[in-house]
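Coordinates in review
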Amino acid sequence: MATTTTMTGAAFDQLPFDKFHRWELLHGELIAVPAKTPRHQIIVGMLSADLYEYLRQNGGGIAVWGCEYALGEDDRLTPDVGILFREKWESVDRNKTPIPLPPDIAVEVIDPGDLAEYSLRKIWTYLGSGVKEVWQIVPEIEIVMIYRGVKSVTVLDVAESLSTPLLPGWEISVRQIFSARRQP
């Protein structure tokens, strides 16, 4: 039987930095986050750069990757990309983590080793904390799922484009998101 380590967000925030392991806290449960694949990191980098440039040109906030968010007393999650619109971004202390408020959009790229149960629990936690949209990108089957609430899920395949009313005029083809997978 596996042992579950539980703690509060305040205790989690006091953990020493560990350069060899990454952790998240979900409803008080300490979760080890597996190392990310090169394909995962390429998708995150490409999408982050595209969103960062859109937001820079449109004065609408920031896209950051690898930042931890305090989403509740016992939740510390690190989306692959977190988008903060201008109002939130202006209130953030850029020298501190965790960021004490939810991103407006959270992006999660799913690796083959990621557990489905954990991934779904994270989506519900994001949405319950005030995240407006969660994008779940699944390279293995080349789909993007957009969650706009627990009862609103849109699934896109490579023939479609990802866009959102939250980012007027921004759009990227799903095929482009996964194009890095096909490169040697």
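The following refers to the structure shown. From a predicted model like this one, the values you see are computed outputs, not experimental measurements.

Looking at the environment of valine 109
With respect to the element layout, valine 109 can be found in strand E7 (residues 105-109). Taking relative accessible area as the criterion, valine 109 reaches 2% and is therefore assigned buried. For the pair valine 109 and lysine 96, spaced 13 residues apart in sequence, the C-alpha to C-alpha distance is 24 Å. Residues within four places of valine 109 in sequence aside, it is in contact with His40, Ile43, Val44, Asp80, Asp114, Ile137 and Pro139.

Notes on helix H4 (residues 116-129)
Given a rise of 1.5 Å per residue, 14 residues ought to cover 20 Å, and the 20 Å separating the end C-alpha atoms of H4 matches this to within 8%. Among the residues making up H4, those that are buried are Tyr118, Ser119, Lys122, Ile123, Thr125, Tyr126, Leu127 and Ser129. Positive phi appears at glycine 130, one or two residues downstream of H4, with a value of about 115°.

Considerations on a nonpolar patch on the surface
A cluster of nonpolar side chains, contributed by Leu120, Trp124 and Val150, occupies part of the molecular surface with about 270 Å² of accessible area. Relative to the helices and strands, leucine 120 resides in helix H4.

Examining the packing of aromatic side chains
As enumerated under the stated definition, the model contains 2 aromatic pairs in all. Measuring from ring centre to ring centre gives 6.0 Å for tryptophan 124 and tyrosine 147, while their planes differ by 85°; the resulting arrangement is edge-to-face. Within this pair, whereas tryptophan 124 is found in helix H4, its partner tyrosine 147 is found in strand E9 (residues 143-147), the two being separated by 23 residues in sequence. Judged by centre distance (5.5 Å) and plane angle (10°), the rings of tryptophan 135 and tryptophan 170 are stacked. Placement of tryptophan 135 in strand E8 (residues 133-138) and of tryptophan 170 in the loop between strand E11 (161-163) and strand E12 (171-173) is noted, with a sequence separation of 35 residues between them. In terms of burial, tryptophan 135 and tryptophan 170 fall into one category: buried. The ring of tryptophan 89 has arginine 94 sitting right over it, with the charged end atom 4.1 Å from the ring centre.

Rules used throughout
Residues numbered from 1 in each chain as written. Predicted model: local features only at pLDDT ≥ 70, side-chain atom pairs only at ≥ 80, totals over all residues. Heavy atoms only, no water. Helix = DSSP H or I, 4+ residues; strand = E, 2+ residues; numbered from the N terminus. Buried < 20%, exposed > 50% of the residue type's maximum accessible area, 1.4 Å probe, protein only. Contact = heavy atoms within 4.5 Å. Expected span 1.5 Å × (residues − 1). Patch = residues over 30% accessible without salt bridge, like charges linked within 9 Å, V, L, I, M, F, W, Y side chains within 5 Å. Areas by Shrake-Rupley, 256 points an atom, 1.4 Å probe, with all protein chains shown as cover. Salt bridge = Lys/Arg side-chain N within 4 Å of Asp/Glu carboxyl O. Phe/Tyr/Trp six-rings, centres within 6.5 Å; stacked < 30°, edge-to-face > 60°. Lys NZ or Arg CZ within 6 Å of the ring centre and 35° of its normal.

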